[in-house]
Amino acid sequence: MLRRRLNRLFGRDERRVDSRTIYVGHRPCPATDTFIPPKFCDNRIVSSKYTVWNFLPKNLFEQFRRIANFYFLIIFLVQVIVDTPTSPVTSGLPLFFVITVTAIKQGYEDWLRHKADNEVNKYLVTVLEDGRRARKESEKIKVGDVVEVVEDETFPCDLILLQSSREDETCFVTTASLDGESNHKTHYTVPDTEKGLESLSATVECEQPQPDLYKFVTFFSLCVVSLRSLGPENLLLKGATLKNTQKIYGVAVYSGMETKMALNYQGKSQKRSVVEKSINAFLLVYLCILVSKALVCTTLKYVWQSQPGQEEPWYNQKTQKEKDANLYLNMFTDFLSFMVLFNFIIPVSMYVTVEMQKFLGSFFISWDKDFFDPEIQEGALVNTSDLNEELGQVEYVFTDKTGTLTQNSMEFIECCIDGFQYKNRDSSTELDGFCVTDGPVSMLQQKEEEELFLRALCLCHTVQVKESTGQEDWVGDQVDGVLGLDGEMVHPAELRGFIASSPDEVALVKGAMKYGFTFLGMESKNMRVMNRDKDVETYELLHVLNFDPVRRRMSVIVRSKCGDIMLFCKGADSSIFPRVRQEEVDRISMHVERNATVGYRTLCVAYKLLSSEEYAQADAGLREARLALDDREEKLMAVYNQVETGMSLIGATAVEDRLQEEAAETMEMETAKSTCYACRLFQRGTELLELTVRTLEDGGRRREERLHEVLLDYHKRAVQDPPPVKTRVTSWTSAKQDYGFIIDGATLSLVFNSSPDSSHYKSLFLQICQNCTTVLCCRMAPLQKAQIVNMVKNSKGSPITLSIGDGANDVSMILEAHIGIGIKGKEGRQAVRNSDYAIPKLKHLKKLLLGHGHLYYVRIAHLVQYFFYKNLCFILPQFLYQFFCGSSQQPLYDAAYLTMYNICFTSMPILAYSLLEQHICMEVLMSNATLYRDVAKNAMLRWSPFLYWTLLGVYQGLLFFFGVRFLFSNPALQDNGQVFGNWSYGTIVFTVLVFTVTLKLAMDTRHWTWINHFVIWGSLAFYMFFSFFWGGIIWPFLRQQRLYFVFANMLRSVSAWLVIILLILLSLLPEILLLVLRKPRWPHSRQVRYTHI
Amino acid sequence: MMASNYNAKEEDGHQPAAIGHGGAGTVKNKKPDNTAFKQQRLPAWQPILTAGTVLPAFFVIGLIFIPIGIGLFVTSNNIKELEIDYTGGDMSSPCYNCSQSYSWNSTKPCTCSVPFSLDQPFESNVFMYYGLSNFYQNHRRYVKSRDDSQLNGDKASLKSPSKECEPYRTSDEKPIAPCGAIANSLFNDTLELYYIDPNGSRTAIPLVKKGIAWWTDKHVKFRNPGGNDNLTVVFQGTSKPVNWRKSVYELDPSDPDNNGFINEDFIVWMRTAALPTFRKLYRIIHKKPNMTPTLPLGQYILEVTYNYPVRSFEGRKRMILSTISWMGGKNPFLGIAYITVGSVCFFLGIVLLIIHHKYGNRNHSADIPS
């Protein structure tokens, strides 16, 4: 407040820094001084990046910002500027191809965005202009316009609700497209604006746009009089949809790119896969090879030239310009020339192929019908294609329990009122043996307590009663209801649909209904509850102290008919217990603990009777906090905490959340190598290590000391006891003692935050975790989830982590892990939107990892290795040739071959392979989880396989070159005595190369579909055809007809044929031998062959 | 590192279409098609290479390669080849004087006679090659120093040759035809063979100078500008290459089909060799119609007109007489290589067979030590 006043004092400019003033309907307020129409951005949504005009320059700039593209551009420029052996076309064409393909792809995507933008921007909306209604395109809405929105329309910009067609001055919206919550939310009009909108002149002073969807602080001032503070409940967000309300009027406060939705739309941080890191490492090696090759050649060249008569023999004089050039400059340009000559070793096409593979490959995931869930009519969703192969590398799986492991359809199981336990199973109250020891209290008191508890359940929530819109659903419900109750009379209220942001609220309200207390709904701030005697009780809802994951509780303040003001609070036990009396806690905590270990969701319910003074104080505090322009959240929190004290505990509830189908199986396969966090996986024989607040409070000593002790103790048991600690891989199969580990949020924060030794604790904790098959972390805040993920992610060996969750509280965890998976569950779409992959059910994870992940990893690993290999044996002969041509940078192959090798002759087979290969078929992969271990830890892209491929490339390169070299010791290779020249030499080498490299891939292909056949044999045929064609015509645009009939003449020579066959066979021989001698890696692949044939 | 940031592609991921759509449109409510391709269930052949399947292949390869190798080896051995080095590097050599007294400007050609004898007669056609050593025809500066469109008869290129021909592009302000270093350094020694009859008389052996170049080169790639009529006129205004003694239209004035750019000696020279030691076809000695061998055994004299200097770059010059088989000239490499590879395959086949029988039968070849 004070700040605002100050701002006003110091004038407009400063105020504009953190707030904006809006004149409703652009009518200046007579009271204020001069009216300067403030400038705000228009309501155009621009998600596109380019326009027709700036597409080319901007896109090119963006593309060349990538270092690889830039590198190739430099090579190209060097070729243009310096006199280099190969024409600029050889590297310019592939680069052009890459750039064009990418530009087309991005252009297309941008075109789609333009289309979508236009759809939104050109949408017609009704705006009140000088009292008249005018149709306008949505993009023309200006801040301050009064906009009319009718039912089922989406809001064109962020609006402050001024007037609603509903009597109670509310409207309902659903924000399904914003945060995925499909329930109806109630929004309120600005109070006291009954005046006609046409004549309303008011100013709105609100914060500068900020992305937080749930935060909004504004002052609304009617010109002459009052000042109102508005909150998020008055703000209608762009993208939300109006429901259940005929029409509303609102004033636009944020428009276009300043709307909360647009501000929320931010690119996620890029996740990089291990494969990419491997590629970069390999590239570094190849870059070193490239540079050293160029250095060796440059040195050789000058050594050779220093011999007499070699640098400039009479038959090969330099031009005057070359003679005049500086020696060192010459050396440098020679070095550059060699770089250019050998630069094909780092193939520009690999990036294209990898990107295409990832892009196309991800379609197979979304196409997979096994991921299709008939319930929600959706299949898997791939948000990023960059991580396909990472799915095959997962070592640690973090799952959220609620909704992910479980179905998130809650059922009220039991409650415990003041120490007595009521079970839902048989609908009759039953005294549990447990409770008897507490001693029965008088029946009368118990009844009162019970009713209070049930009332609390009925009142303390934000559930809405669904109105009679969806008739068909009702029928369905009715049938279920009738059947479910075995012909018993169905209470009409049983048929009510409840909508809430979280399903356990519904479960609680339904649970209360079973005991006779029915929530009938809200009637203008009055909550109506039908009690056991079928009387309708009305309570005036005074305040809702919202739930949030930090407080982990919510409260309502209501006034009953008779004027009592009551506060009901429900929340997690850890957040309630400190706020109630200890003896009450003792009575109930046992039940809570027991229920929690069984796996129920537990909530505690407490209440407090507020005296009118207390209420007045709380009311004032709440109002003031809500009005606050700054630190509103903190202030609210403080008031909440102040109000929610000294309550008395009435009871606890337990809600069951059923496990998702096949969850156990899915998880069990995971434990093959990975550790599951936060899931119920304690098998019999699992020794439990518990680390919770309760275990820590035993001795009454300081928690930290105790923590230290316990950690050390567990560490000893878990890490040191099993004698061969390091043999973890085998230990999975052996009947070793499994450890389960439980830790709760509060303790975890101790582990992380206890200052000086925290790193020590962390490492202890981590070691314990890694030696347990299962770690259960309960009662965690979202941030703590991310912390755990982060800790494991950064631990030794940096294992690949996967987080899976369905709710907004899992988002931090999903974003933190290497791979984030969202479940398209019931808790909205927040998780799905932030995830890399989204699947409908947890059970689909199995196929995603074991099937798709494994295959993609094998595919891409092979792709990468193959690319390096094929370019090594492509360029090695060219390098060797330098020793025979006076290190003069003479290329061995013709420019056409140099250019086409990676683009046409050898690119398609590997692309087809990398999309279609199934070295083991899906079923075997899925049924045999141990196979997943074969590719774990980036097995196919480590240095030893890389070395193998490199050696293979070197071997073949040497073979190609020297085989032909020995053949050419007598170049008279035709039966008419005519001789072959250097281009024939290169063509023979190149032919051997293309065939060998393609056949090598053919040998690696384990899954020959017709596409593979077509592409592999087609590539070879294309090579033959192209060579004939290229050498068959005198090309007018070529300066030299180097290959004219070279290929045809080569084919006429028997010796050339023989050497080609010999060399191909010889280069593949070691590979064949290895294949035969190698232990069959995948033993079962044969048995299941029939499944695919 | 060049590619480290390659995939930092904040710009092109396939993010759910657009802000405006707000996600609702991105979710497809369609059941995926149940096609074999989309479900990755295309019918596929899944070959598995095991010892069992590869073993026969080894034997087959061995059985095929060894005979081929033997055939190649025998063929190569049957080819008769005679090499005479006439560089004249040492004092005893007949061409010593010529090689020492060499100068481009000398008007009087230096000739020398190299006597040699054939121990066995050369049957069928004999091919006469000249060979050069340490001559880098594959040097980049050299390889590119030519103008193929000029050689193809393009008149524009005749008058203004390509820049690649530098420094052999113009002389005395006139364009050189044919331009470039390759043409300039045309091999210009003349080699003649004489058979010394036992009675002492010399008979010249007829050397055919046609059929030594690729047919396509001679008829398509190389063409005289303006057809073959009156080359003197056509080449008016051009200059001969600096190191040539005569103009291009004087290469073979006797035969218009072998003159100018389509002179076969010239065409052969223009096909640059792959390695610094090379041979090029020079003449063909056709088989005589009667039964006498083409070159009977006995004494011969090689008459060399020594024009081509190689001393400056320590090169060597050779004259090679060779017969030719279906596989080309003499080259034992292929035969040996085939025999070796064939034997290795056969041997490997045996080894694998033993391993396979010893271990494979018991345990499905799983225990083969690798």
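The numbers attached to residues start from 1 for each chain and follow its sequence in the written order. To label them, take the chains in the order written and letter them from A, then take the ligands in the order written and number them from 1. Predicted model: local features are reported for residues with pLDDT of at least 70 only, side-chain atom pairs are reported and counted for 80 or more only, and whole-chain, interface and lining totals are derived from all residues. The side-chain figures draw on all heavy atoms in the structure; neither hydrogens nor water molecules are used.

Taking an unreviewed UniProt entry as the reference, chain B is identified by name as Cell cycle control protein belonging to Oncorhynchus tshawytscha. Quoted verbatim from the Sequence similarities (unreviewed entry) heading of the UniProt record, the comment on chain B is "Belongs to the CDC50/LEM3 family." UniProt positions are given in the numbering used here, feature names are shortened, and annotations may be inferred rather than shown by experiment.

By the naming in an unreviewed UniProt entry, chain A goes by Phospholipid-transporting ATPase and is assigned to Oncorhynchus tshawytscha. As recorded by UniProt, the Sequence similarities (unreviewed entry) comment attached to chain A reads in full: "Belongs to the cation transport ATPase (P-type) (TC 3.A.3) family. Type IV subfamily." The UniProt entry for chain A carries the following comment under Cofactor (unreviewed entry): "Mg(2+)".

Asker: How would you summarise helix H4 (residues 67-81) of chain A if you had to cite specific residues and measurements?
Answerer: All names here are of chain A. Put simply, DSSP H or I for four residues or longer makes a helix, DSSP E for two residues or longer makes a strand, and each gets a number counted from the N terminus. Helix span, as expected, comes to 1.5 Å for every residue beyond the first. In this model, H4 (15 residues) spans 21 Å end to end at C-alpha, consistent with the 21 Å of a helix rising 1.5 Å per residue. Each residue is assigned to one of three classes by its accessible area relative to the maximum for its type, calculated with a 1.4 Å probe on protein chains only: buried under 20%, partly exposed between the two thresholds, exposed over 50%. Listing the buried residues of H4 in full gives Ala68, Asn69, Tyr71, Phe72, Ile75, Val78 and Gln79. The contact criterion used throughout is that any non-hydrogen atoms of two residues lie within 4.5 Å. Buried residues along H4 sit against helix H3 (55-65), helix H5 (88-121), helix H8 (274-306), helix H10 (327-342) and helix H11 (348-367).

Asker: For the state of the cysteines, give the residues involved together with the corresponding values.
Answerer: All names here are of chain B. When two cysteine sulfur atoms lie within 2.5 Å, the pair is treated as a disulfide. Per the counting criterion, the structure on display carries 3 disulfides over all chains. Cys95 shares a disulfide with Cys112; S-S distance 2.0 Å. Residues Cys95 and Cys112 are joined through a disulfide that is right-handed, its torsion about the S-S bond being 85 degrees. With Cys95 in the loop between strand S1 (81-85) and helix H2 (96-100) and Cys112 in strand S2 (residues 110-118), this pair connects stretches of sequence that are 17 residues apart. For the pair Cys95 and Cys112, one class covers both residues: buried.

Asker: I'd like to hear about the sheet that holds strand S8 (residues 278-285) of chain B, residue by residue, with values.
Answerer: Residue and element names in this part refer to chain B. Pairing between strands is defined by DSSP: at least two bridges between them are needed. A sheet is described by the order of its strands in space; here 4 strands give the open sequence S1-S10-S3-S8, paired in antiparallel fashion. Two strands in the sheet have a free side with no partner beyond their single neighbour: S1 and S8. Looking at each pair of strands side by side, their axes are set apart by 20 degrees on average, direction ignored. Judged from the 5 bridges that link them, S1 and strand S10 (residues 316-323) form a sheet pairing that is antiparallel. Axis lines are fitted through C-alpha atoms, for helices just across the contact stretch, and the angle between N-to-C directions can take any value from 0 to 180 degrees.

Asker: Summarise unusual backbone geometry; cite the residues concerned and give the values.
Answerer: All names here are of chain B. A cis amide bond links Glu166 with the next residue in sequence, Pro167, at an omega value of 0 degrees. Between Ala177 and Pro178 the backbone carries a cis peptide bond, its omega angle lying at -10 degrees. Its place among the elements puts Pro178 in the loop between strand S5 (174-175) and helix H6 (181-184). Here Asp172, not a glycine, exhibits a phi torsion of approximately 55 degrees, which is positive. Looking at where Asp172 falls in the secondary structure, it is placed in the loop between strand S4 (170-171) and S5. On the accessibility criterion, Asp172 (67% relative accessible area) is exposed. The residue Glu173 is not glycine, and still its phi comes out positive at about 70 degrees. The exposure class of Glu173 is exposed, given its relative accessible area of 81%.

Asker: Can you break down the UniProt feature "binding site: Mg(2+)" (unreviewed entry) in chain A residue by residue, with the values?
Answerer: Within the UniProt annotation, "binding site: Mg(2+)" (unreviewed entry) is assigned to Asp400(A), Thr402(A), Asp806(A) and Asp810(A). Position of Asp810(A) relative to the elements: it lies in the loop between strand S31 (801-805) and helix H28 (811-816).

Asker: How would you explain a nonpolar patch on the surface if you had to name every residue and give the values?
Answerer: Residues and elements named next belong to chain A. Surface patches are drawn from residues lacking salt bridges whose relative accessible area is over 30%; two like charges belong together within 9 Å, two nonpolar side chains (Val, Leu, Ile, Met, Phe, Trp, Tyr) within 5 Å. Under the convention used here, a 1.4 Å probe and the Shrake-Rupley method define accessible areas, while residue burial counts only the protein chains that appear. The salt bridge definition used is simple: a Lys or Arg side-chain nitrogen within 4 Å of an Asp or Glu carboxyl oxygen. A cluster of nonpolar side chains, contributed by Phe70, Ile74, Leu77, Val80 and Ile81, occupies part of the molecular surface with about 470 Å² of accessible area. In this structure, Phe70 sits in helix H4. Residue classification places Phe70 among the partly exposed residues on the basis of a relative accessible area of 43%.

Asker: Describe in detail the environment of Val340(A), supporting the description with residues and values.
Answerer: Residue and element names in this part refer to chain A. With respect to the helices and strands, Val340 occurs in helix H10. Taking the C-alpha atoms as reference points, Val340 and Val78, separated by 262 residues in sequence, lie 7.7 Å from one another. For Val340, the contacting residues outside a window of four places in its chain are Ile75, Val78, Gln79, Thr84 and Thr86.

Asker: Explain the pairing of strand S4 (residues 146-150) of chain A to me, using residue names and the numbers behind them.
Answerer: Side-chain positions along a regular strand alternate between the two faces of the sheet. Residues and elements named next belong to chain A. Counted residue by residue, S4 has 4 buried out of 5 residues, so it is predominantly covered. Pairing of strand S2 (residues 124-129) with S4, which is carried by 3 bridges, proceeds in the antiparallel orientation. Along S4, the bridge assignment pairs Leu128 with Val146.

Asker: So what's going on with empty space enclosed by the protein? Which residues, and what values?
Answerer: Residues and elements named next belong to chain A. Residues are said to line a cavity or pocket when one of their atoms sits within 4 Å of a point; the points come from a 1 Å grid over protein atoms alone, cavities being sets where a 1.4 Å probe fits but cannot get out and pockets being open sets with protein on both sides within 12 Å along at least five of seven lines. Grid points are joined across faces, edges and corners, and a volume is the space filled by probe spheres set on the points. Counted according to the given criterion, the structure contains 9 cavities of 30 Å³ or more. For the largest cavity, the lining is made up of 15 residues, of which Thr90, Pro94, Asn343, Phe344 and Val348 are closest to its centre. Broken down by secondary-structure element, the contributors of at least two residues to the lining of the largest cavity are H5, H11 and helix H31 (895-905). Counted by class, the lining of the largest cavity contains 9 nonpolar, 6 polar and no charged residues. Side-chain classes are defined by residue name, with Ala, Val, Leu, Ile, Met, Phe, Trp, Tyr, Cys and Pro counting as nonpolar, Asp, Glu, Lys and Arg as charged, and the others, Gly among them, as polar.

Asker: Describe the sheet that holds strand S3 (residues 132-137) of chain A, listing the residues and the values that go with them.
Answerer: All names here are of chain A. Spatially, the 6 strands line up as an open sheet ordered S3-S2-S4-S13-S5-S11, and their pairing is antiparallel. Two strands bound the open sheet, and with one partner strand each, they are S3 and strand S11 (235-236). Pairing geometry for S4 and strand S13 (residues 247-254), over 5 bridges, is antiparallel. From the neighbouring strand, Val146 faces S13, where its bridge partner is Val251.

Asker: Please give an account of the pairing of strand S24 (residues 565-571) of chain A that cites residues and values.
Answerer: Residue and element names in this part refer to chain A. The element S24 is extensively covered by neighbouring structure, given that 7 of its 7 residues are classed as buried. Every second residue of S24 is oriented toward a common face, with Ile565, Leu567, Cys569 and Gly571 on one face and Met566, Phe568 and Lys570 on the other, all of them buried. As judged from the 7 bridges shared by strand S23 (residues 553-560) and S24, these two strands associate in the antiparallel manner. Bridging from a neighbouring strand, Ser555 pairs with Cys569 of S24. Linking two consecutive strands that pair antiparallel, namely S23 and S24, is a turn of 4 residues; a positive phi of about 95 degrees is found at Gly563 within it.

Asker: Please set out the packing of helix H35 (residues 943-967) of chain A against helix H39 (residues 1054-1077) of chain A residue by residue, giving values where relevant.
Answerer: When two helices pack together, you describe them by how their axes are tilted relative to each other and by the distance separating the axes. Residues and elements named next belong to chain A. Close contact between H35 and H39 brings their axes to 10 Å; oriented N to C, the two are set at 160 degrees. In this view, H35 runs roughly antiparallel relative to H39, as classed from their interaxial angle. Relative to H39, the crossing made by H35 is right-handed. Seen from H35, the contacting residues are Tyr948, Leu952, Tyr955, Gln956, Leu959, Phe960, Gly963, Val964 and Leu967; seen from H39, they are Ser1055, Val1059, Leu1063, Leu1066, Ser1067, Leu1068, Pro1070, Glu1071 and Leu1074. When an angle is under 35 degrees it counts as roughly parallel; over 145 it counts as roughly antiparallel; between 65 and 115 it counts as roughly perpendicular; any other value is oblique. Here is the rule for handedness: rotate from the far helix to the near one, and if that takes an anticlockwise turn smaller than a right angle the crossing is left-handed, while a clockwise turn gives right-handed.

Asker: Break down H39(A) for me, with residues and values.
Answerer: Residues and elements named next belong to chain A. The end-to-end C-alpha separation of H39 is 34 Å, in line with the 34 Å expected for 24 residues at 1.5 Å each. The angle separating two fitted axes, one through the seven residues that finish at a residue and one through the seven that start at it, defines the bend at that residue. The largest bend in H39 amounts to roughly 40 degrees and is located at Leu1069, with the proline Pro1070 lying one to four residues further along. Most of H39 is tucked away: 18 of the 24 residues are buried.

Asker: Give me the interface of chain B and chain A: which residues, what numbers.
Answerer: If you look at the interface, chain B gives 117 residues, while chain A gives 143 residues. Throughout, the accessible surface (probe 1.4 Å) given up by two parts as they are put together, summed over both, is called the buried area. Summing both sides of the interface, chain B and chain A together bury roughly 11900 Å²; the carbon and sulfur share of this comes to 58%. Across the chain B-chain A interface, the total number found is 2 salt bridges. Between Glu164(B) and Arg1039(A) there is a salt bridge, with its nearest N and O atoms 2.6 Å apart. As used in this structure description, the phrase polar contact means that two N or O atoms lie within 3.5 Å; if the pair is within protein, one of them must be able to donate a hydrogen and the other to accept it, and residues adjacent in sequence are counted only when both atoms belong to side chains. For the interface between chain B and chain A, the tally reads 35 residue pairs in polar contact (both at pLDDT 80 or more). At the level of elements, helix H1 (51-78), strand S3 (126-133), helix H3 (140-143), helix H7 (215-221), S8 and helix H10 (332-363) of chain B are the ones that each hand at least two residues to the side of chain B that touches chain A. Taken together, the residues that form the side of chain B that touches chain A break down as 61 nonpolar, 32 polar and 24 charged.

Asker: Which residues make up the side chain of Ser362(A), and what values do they have?
Answerer: Among the secondary structure elements, Ser362(A) is positioned in helix H11. For Ser362(A), a relative accessible area of 5% gives the class buried.

Asker: Kindly report on the packing of aromatic side chains, identifying the contributing residues and their values.
Answerer: Residues and elements named next belong to chain B. Stacked, tilted and edge-to-face are the three classes applied to pairs of Phe, Tyr and Trp rings, where Trp contributes its six-membered ring and a pair requires centres within 6.5 Å; stacked means planes under 30 degrees apart, edge-to-face means over 60, and tilted covers the rest. Following the criterion strictly, the structure yields 85 aromatic pairs over all chains and no others. Pairing Phe65 with Tyr338 gives two aromatic rings, centres 4.7 Å apart and planes at 40 degrees, and the pair type is tilted. Taken together, the residues span a long stretch of sequence, with Phe65 in helix H1 and Tyr338 in helix H10 at a distance of 273 residues. For the pair formed by Phe65 and Tyr338, the shared burial category is buried.

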